[in-house]
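# Fold and contact review
Listed here are the chains, written in short residue letters.
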Amino acid sequence: MPTGGHRLRMRYISLFSGIGGLEHRAIKPTHYAEIEPIAATYLAKSGVEVVSDVTKFSPPKVEAVVGGWPCQDISIAGKQVGLAGARSGLFYQLVRIAKESGADTVIGENVPNLLRLNGGQEKVKVEQTLQSEGFVHVEWRILNARQFGLPHHRSRVF
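A brief structural summary. (Residues numbered from 1 in each chain as written. Predicted model: local features only at pLDDT ≥ 70, side-chain atom pairs only at ≥ 80, totals over all residues. Heavy atoms only, no water.)

## Considering unusual backbone geometry
How we decide: In this description a helix means any DSSP run of H or I spanning at least four residues, a strand means any run of E spanning at least two, and both kinds are numbered starting from the N terminus. Exposure categories follow from relative accessible area, calculated using a 1.4 Å probe and restricted to protein chains: below 20% of the type maximum is buried, above 50% is exposed, and the middle band is partly exposed.
For Gln 80, which is not glycine, the phi dihedral falls at a positive 60°. Position of Gln 80 among the secondary structure elements: in the loop between β6 (64-67) and α2 (91-101). For Gln 80, a relative accessible area of 30% gives the class partly exposed. At Asn 118, a residue that is not glycine, the phi angle is positive and equals roughly 55°. Take Asn 118: it is sitting in the loop between β7 (105-108) and α3 (121-132). Owing to a relative accessible area of 42%, Asn 118 belongs among the partly exposed residues under this scheme.

## Concerning the environment of Leu 130
Test applied: Contacts between residues were defined by any pair of non-hydrogen atoms, one from each residue, lying within 4.5 Å.
Counting through the fold element by element, Leu 130 comes out in helix α3. With a relative accessible area of 10%, Leu 130 lands in the buried category. On a C-alpha basis, the gap between Leu 130 and Val 54 in space is 18 Å, while along the polypeptide they are 76 residues apart. Ignoring any residue separated from it by four or fewer positions in sequence, one finds Leu 130 in contact with Phe 91, Val 95, Val 106, Phe 135 and Val 138.

## Description of the nonpolar core
Threshold: Note on terminology: a nonpolar core comprises buried Ala, Val, Leu, Ile, Met, Phe, Trp, Tyr and Cys residues joined through side-chain atoms within 4.5 Å.
Grouped together as the largest cluster of nonpolar side chains are 27 residues, with contacts concentrated most on Leu 15, Val 65, Trp 69 and Val 126. Secondary structure elements with two or more residues in this core: β3 (12-15), α2 and α3. In terms of residues, this core owes the most to one element, α2, which gives five residues. Among residues more than four places away in sequence, those in contact with Val 126 are Trp 69, Leu 83, Phe 91, Leu 114 and Trp 140.

## Observations concerning the pattern of salt bridges
Operational definition: Whenever a carboxyl oxygen of Asp or Glu lies within 4 Å of a side-chain nitrogen of Lys or Arg, that contact is scored as a salt bridge.
Taken as a whole and judged by the stated rule, the model has six salt bridges. A salt bridge links Arg 156 to Glu 109, with the shortest nitrogen-to-oxygen separation between them at 3.1 Å. In this pair, Arg 156 is assigned in strand β9 (residues 155-157) and Glu 109 in the loop between β7 and α3, connecting sequence segments 47 residues apart. A residue is classified by how much of its surface remains accessible, and Glu 109, at 16% relative accessible area, is buried. The residue Glu 139 makes a salt bridge to Arg 141 at a minimum N-O spacing of 3.7 Å. Owing to a relative accessible area of 59%, Glu 139 belongs among the exposed residues under this scheme.

## Notes on the sheet that holds β6
Applied cut-off: Here, any two strands with at least 2 DSSP bridges between them count as paired. Interaxial angles span 0 to 180 degrees and are taken between N-to-C directions of axes, which are lines fitted to C-alpha atoms, for helices over the stretch in contact.
Taken together, five strands build an open sheet; the order of strands is β5-β4-β3-β6-β7 and the sheet is parallel. Among the strands making up the open sheet, the edge pair consists of β5 (49-51) and β7. For this sheet the average axis-to-axis angle between neighbouring strands, irrespective of direction, equals 20°. The sheet contact formed by β3 and strand β4 (residues 31-33) spans three bridges and is parallel. The residue of β4 that forms the bridge with Leu 15 is Ala 33.

What follows is the structure in structure tokens.
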């Protein structure tokens, strides 16, 4: 995809990939990470290596890490134990991988309840963790699928 006469070149990792969604449409990630077998099989068809266990992943050097870490412990439909939960606590693996890969950009996605849970303390934990690992410029946005022409309401915090 040309911009100003140059081809875009960016190395990035996609974590908690599902069947895809946060990836650049013209640039494949170096790796996907997805534990669900059906989604992993789908992603593997792209020719990109799929890692099934983020806790054992040693990342290559990249510029960015993207990922919608599991929301089950954050969602209003769940137990709301936050980042202390086994699933939503995988956020810390996202940060570890970003740090180890040398990435300078992290794009994370989760449910809006992250901003309210425990009086906003889960949001503070996310910010403090990112900042303590060198990702000092943290910004938040809530986006809805409808803003992108999709026919349903699905708000997410990025």
